[in-house]
Amino acid sequence: MTEAEVRAMRRGLELAARGPVLGDHARVGAVVLSPDGDVLAEGWHKGAGTPHAEVDAMAKTSPEQLRGATVVVTLEPCDHTGRTGPCSVALIDAGVARVVYAIDDPSPTVHGGADRLRAAGVDVVSGVLADEAGTFLERWIASVRNGRPWVTVKWASSLDGRAAAADGTSKWITGAAARQHVHEQRAAHDAIVVGTGTVLADDPSLTARGDAGELLADQPLAVVLGDRPVPEAAAVRAHPRGFLQLADHDLHAALGALADRGVRTVFVEGGPTVASAFIAAGLVDEYLVYVAPVLLGGPRVALGDLGVGSMHERLRLDVLSTTSLGPDLLVRARPSGLGRPHHGDHADDGARTDRSTT
């Protein structure tokens with residue numbers, strides 16, 4: 001690879017970040033280089049049904065310039081016909097001489113573009129800035145490989161691990177900065193999940209809102225787990241992205257149903273019972289724990305039974321970061337290693353929820 005190609009890959013990652021955060025497609029960027037390494041065109045994937053990044057970039061230059069050019073793209077060109085044709089074929093038909101990409105596409109139905117390009121005589125180089133691209137696409141890659149959405153579990157608690165005071169009140173455990181961070185996380189996930197207990201107890205809207213209470217541009221699909229009826233007047237029924245109730249208590253089945261709807265990332269925000277169910281089932285990819293410097297005592301703990309009977313069964317986490325949000329502390333963590341066997345999967349949230357879910 002050349003210095004120009006490395007620079008182009010870095011630019012490709014910048015372009016990829018312009019793509020939509022929500023949706024089941026990868027965020028991909030591409031740059032077309034002349035044989036001398038000059039930038040001819042740039043492009044990125046703008047969402048389902050739109051041209052993929054390579055095709056978007058190639059459309060911005062001439063057929064004469066494309067012949068013998070190099071296309072640098074952050075993800076292996078697809079070899080699949082869906083709402084758009086295979087990018088591998090488009091690259092071959094355009095007469096490009098070289099394709100440089102960062103990481104292989106993990107989907108077995110899409111993977112193979114590199115092989116087709118090589119068979120057609122195109123020079124193909126892979127692995128350029130693979131670590132950076134892999135980090136950028138981490139959630140999407142994990143979702144494709146696992147066959148389910150990436151799951152983030154959030155809760156807010158006092159320093160002694162309580163989600164509410166003894167009388168059930170919990171507005172507000174955390175301060176404004178922490179609550180706004182939660183809204184930003186909602187906007188960064190395809191779906192927000194709570195149990196029916198949360199809906200019945202707190203009537204949350206499950207929207208992503210700004211400092212002034214305005215709706216953010218990106219809204220998660222509102223998902224309620226459990227078979228208890230959601231009242232007709234419930235705020236969640238007016239959600240701008242839509243409302244979905246999944247009565248099946250099997251979390252694996254619920255995540256599969258969401259994956260079938262194109263959901264790649266899930267934000268679990270629904271009280272101790274539903275959060276504990278996801279943890280006990282071994283279905284959590286990341287934790288966001290907002291800790292307030294207060295003590296509450298009492299029985300209203302942030303988590304319930306996790307199926308841990310003794311110390312050797314404890315669930316180990318790797319803390320990725322700790323961030324101050326006003327007076328509060330955000331702990332971002334992930335499961336260590338491969339985890340342990342699954343236990344329960346039931347998720348009708350019958351416990352009173354942390355009222356930071358609104």
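As the structure is a computational prediction, the values presented were derived from the model and not from experiment.

J.: When you look at the layout of surface pockets in this model, what are you seeing that I'm missing?
T.: Any space left empty among the atoms is revealed by the rolling of a water-sized probe across them. When its volume is computed, the largest pocket comes out at roughly 680 Å³. As for the largest pocket, its lining consists of 34 residues, of which D24, H25, V110, W140 and R264 are closest to the centre. Residue assignment for the lining of the largest pocket shows that the elements contributing at least two residues are α2 (53-58), α7 (138-146) and α10 (251-260). Counting residues per element, the lining of the largest pocket draws most heavily on α7, at three residues. Residues of the lining of the largest pocket, tallied by class, amount to 12 nonpolar, 14 polar and eight charged.

J.: What am I meant to see in the nonpolar core here?
T.: Within soluble globular proteins, side chains that are nonpolar generally end up buried alongside one another. Counting residues in hydrophobic clusters, the biggest one holds 42 residues, and the most contacted among them are M9, V32, M58, L75, L91, V96 and I103. Counting 33 residues, the second-largest nonpolar core is a separate cluster that includes V151, V153, V223 and A302.

J.: Would you mind showing me how to read empty space enclosed by the protein here?
T.: The full count for this structure, using the stated rule, is two cavities of 30 Å³ or more. In this structure, the second largest cavity spans a volume of roughly 30 Å³. Around the second largest cavity, the lining residues are P20, H25, A26, R27, H45 and G47. In the lining of the second largest cavity, the residues fall into two nonpolar, three polar and one charged.

J.: Explain unusual backbone geometry here, please?
T.: In most cases, non-glycine residues show a negative phi, while peptide bonds are predominantly trans. Non-glycine residue L129 carries a positive phi angle of around 55 degrees. Tracing the sequence through the fold places L129 in the loop between β5 (123-125) and α6 (130-136). Even without glycine at this site, D203 takes up a positive phi of about 50 degrees. On the secondary structure map, D203 appears in the loop between α9 (196-202) and β8 (221-225).

J.: What is the right way to look at the sheet that holds strand β11 (residues 286-292) in this model?
T.: Sheet strands pair by backbone hydrogen bonding; their relative direction is either parallel or antiparallel. What the eight strands build is an open sheet, ordered β9-β8-β7-β10-β6-β11-β13-β12; its pairing is mixed. The outermost strands of the open sheet, each flanked by one partner alone, are β9 (243-246) and β12 (317-325). Neighbouring strand axes in the sheet, compared pairwise and without regard to direction, differ in orientation by 25 degrees on average. The pairing of strand β6 (residues 150-158) with β11 spans seven bridges and is classified as parallel. Directly across from V153, in β11, lies its bridge partner Y287. Where α7 meets the sheet, its contacts fall on β6, β10 (265-268), β11 and β13 (328-335), and the angle it forms with β6 comes to roughly 120 degrees. Strands β6, β7 (191-195), β10, β11, β12 and β13 of the sheet are contacted by helix α8 (residues 176-187), whose axis makes an angle of about 160 degrees with β11.

J.: Looking at this model, I keep getting lost on the pairing of strand β2 (residues 39-44). Mind explaining?
T.: Each regular strand carries side chains that alternate between the two faces of the sheet. Relative to β2, strand β1 (residues 29-33) runs antiparallel, the two sharing five bridges. The residue of β2 that forms the bridge with G29 is W44.

Reading the values: rules and limits
- Residues numbered from 1 in each chain as written.
- Predicted model: local features only at pLDDT ≥ 70, side-chain atom pairs only at ≥ 80, totals over all residues.
- Heavy atoms only, no water.
- 1 Å grid on protein atoms, 1.4 Å probe; cavity = no way out; pocket = protein on both sides within 12 Å on 5 of 7 lines; lining within 4 Å.
- Points joined across faces, edges and corners; volume = space filled by probe spheres on them.
- Helix = DSSP H or I, 4+ residues; strand = E, 2+ residues; numbered from the N terminus.
- Nonpolar A, V, L, I, M, F, W, Y, C, P; charged D, E, K, R; others polar.
- Core = buried A, V, L, I, M, F, W, Y, C linked by side-chain atoms within 4.5 Å.
- Buried < 20%, exposed > 50% of the residue type's maximum accessible area, 1.4 Å probe, protein only.
- Pairing = 2+ DSSP bridges.
- Axes fitted to C-alpha atoms, helices over the stretch in contact; angles between N-to-C directions.
- Contact = heavy atoms within 4.5 Å.

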